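The primary structure of each chain is shown beneath.
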Amino acid sequence: MKNITIAANWKSFKNVTESRNWINRLSVDLASIKIPPYVRLIVAAPFTSLYALKAENDKLQLPVDIAAQNISAFGPGAYTGEINAGMLGDIASWVIIGHSERRNYFHETEKELSDKVTQAKKAGLKVIYCISSPDMTVPEQADAVAYEPLFAIGTGKSDTPQNANSVILDIKSKTGHGHVLYGGSVKPDNVGEFLKETEIDGVLIGGASLDSASFSQIIIKALEI
Ligand code: PGA
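Computed from a predicted structure; not experimentally measured.

**Q** Would you take a moment to explain the overall build of the chain for this structure?
**A** Across its full length, the chain carries 7 helices and 8 strands. Radius of gyration (C-alpha) of the chain: 16 Å, near the 17 Å computed for a compact globule of 225 residues. With the C-alpha coordinates of the chain rotated into their principal frame, the extents come out at 50 × 40 × 30 Å. For the chain, the residues scored as buried account for 52% of the 225 residues in total. Within the chain, counting contacts between residues at least 6 apart in sequence, those at least 24 apart form 68% of the total. Of the accessible surface of the chain, which amounts to about 10200 Å², a share of 52% is contributed by carbon and sulfur atoms. Across the chain, 22 positive and 25 negative side-chain charges occur, with their mean positions spaced 3 Å apart.

Printed below as a string of C-alpha cells:
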C-alpha cells in the first residue's frame, strides 16, 4: 500500500472557536475509524488558529499533523507583521509554500519561495510545495509536492484523475520528488478516483475541507481504495 497524504487547506477561513469546533467534530466522526499508518492527515490552518488547534488536537489525541499556510522568507528580525518559521516550531510540523494564491495575489517570487523553504527546513518544518505545472521549479528540500492546476482550484471542476496522474508522473521524473499530491476541487465523491491512480500520493483539499463532516467523508473514502 502506498503512503497517502490527505491535507486540508482552510485558506483564510475560521476563527479560533470555529477551528476548535472543527477538530472536535472530526474527532467524533472518526471515533470508530482506525487511521492506518500509511495514511497521513494534515490540517493547514490560519496562523491565528494554530495554537488552539494544536492544543485541542493533543487533547483529543488525533493522528493529525498541524500545518501553517505560509511563513516569512526571513528569520527573526525587524520585519513587522511577519511570522517566521521558528515561531511555529512548537505548534506546527508542516507548512504549505508556493500556493498559487500566494503567487498570484501576493506576488511571491521564486526567490522568496526558495528562501521560505530554507527558513522552514532550518526550523524543522516539513514543506508541501505547490506548483501548477510540471515546468515549475521545486526546491530540493521540499518534503511533498502538490500539483494544483489553476483551472481546478476552487472552481468545482477538477482535473481528470488520468491527466493528474500523468502530470504527476512528469513532475516526479522532472523534479526527482517522490511524494506528489493532487489539489483542485477534490471532494468526497471524487477523492477515491484520484487516489486509485498509481502516481497520486494524496490530495490537498480547500473548499471541501472547511466542513469537518465533508473532510471526514474524504478520509473514509480514501480508506476504501
Ligand atoms: P479547492 O482548493 O479544493 O477549493 O479547489 C484546493 C487548494 O487550493 O489547495
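**Q** Just checking my understanding: could you explain the site of the ligand for this structure?
**A** What surrounds the ligand is a group of 13 residues, the closest being K11, H99, E148, G154 and S185. At 2.7 Å from an oxygen atom of the ligand is found a side-chain nitrogen or oxygen belonging to H99. For the ligand, an oxygen atom lies 2.7 Å from a polar atom in the backbone of G154. Relative to its free-state accessible area of 280 Å², the ligand is covered by the protein chains to the extent of 95%.

**Q** Is there a simple way to explain unusual backbone geometry in this structure?
**A** Most peptide bonds take the trans form, and the phi angle of most residues other than glycine is negative. Positive phi is not limited to glycine here, since H107 has a value of about 55 degrees. In this fold, H107 is placed in the loop between α3 (100-105) and α4 (110-122). At S185, a residue that is not glycine, the phi angle is positive and equals roughly 60 degrees. For S185, the position within the fold is in the loop between β7 (180-183) and α6 (191-196). What makes S185 buried here is its relative accessible area of 13%.

The rules we used
- Here the residue index of a chain counts from 1 through its sequence in written order.
- Residues qualify for local features only when their pLDDT is at least 70, as the model is predicted, and side-chain atom pairs are given and counted only at 80 or more; totals for whole chains, interfaces and linings, by contrast, use all residues.
- With hydrogens and water stripped out, all remaining heavy atoms of the structure feed into the side-chain values.
- Helix and strand assignments follow DSSP, with helices taken as H or I runs no shorter than four residues and strands as E runs no shorter than two, numbered in order from the N terminus.
- We compute the radius of gyration over the C-alpha atoms and compare it with the globule rule, which gives 2.2 Å times the number of residues raised to the power 0.38.
- Any residue under 20% of the maximum accessible area for its type is buried, any over 50% is exposed, and the rest in between are partly exposed; the area is computed with a 1.4 Å probe on protein chains only.
- Every residue pair with non-hydrogen atoms within 4.5 Å of one another is taken to be in contact.
- In this description, accessible areas are obtained by the Shrake-Rupley approach with a 1.4 Å probe, and a residue is regarded as covered only by the protein chains that are shown.
- In this tally, Lys and Arg are treated as positive and Asp and Glu as negative; His is ignored, and so are the chain termini.
- Taken as the charge location is NZ of Lys, CZ of Arg, CG of Asp or CD of Glu.
- Any residue with a heavy atom positioned within 4 Å of a molecule or strand is treated as near that molecule or strand.
- Polar contacts here mean pairs of N or O atoms no more than 3.5 Å apart (in protein, one a potential hydrogen donor and the other a potential acceptor; neighbouring residues in sequence count only if both atoms are side-chain atoms).

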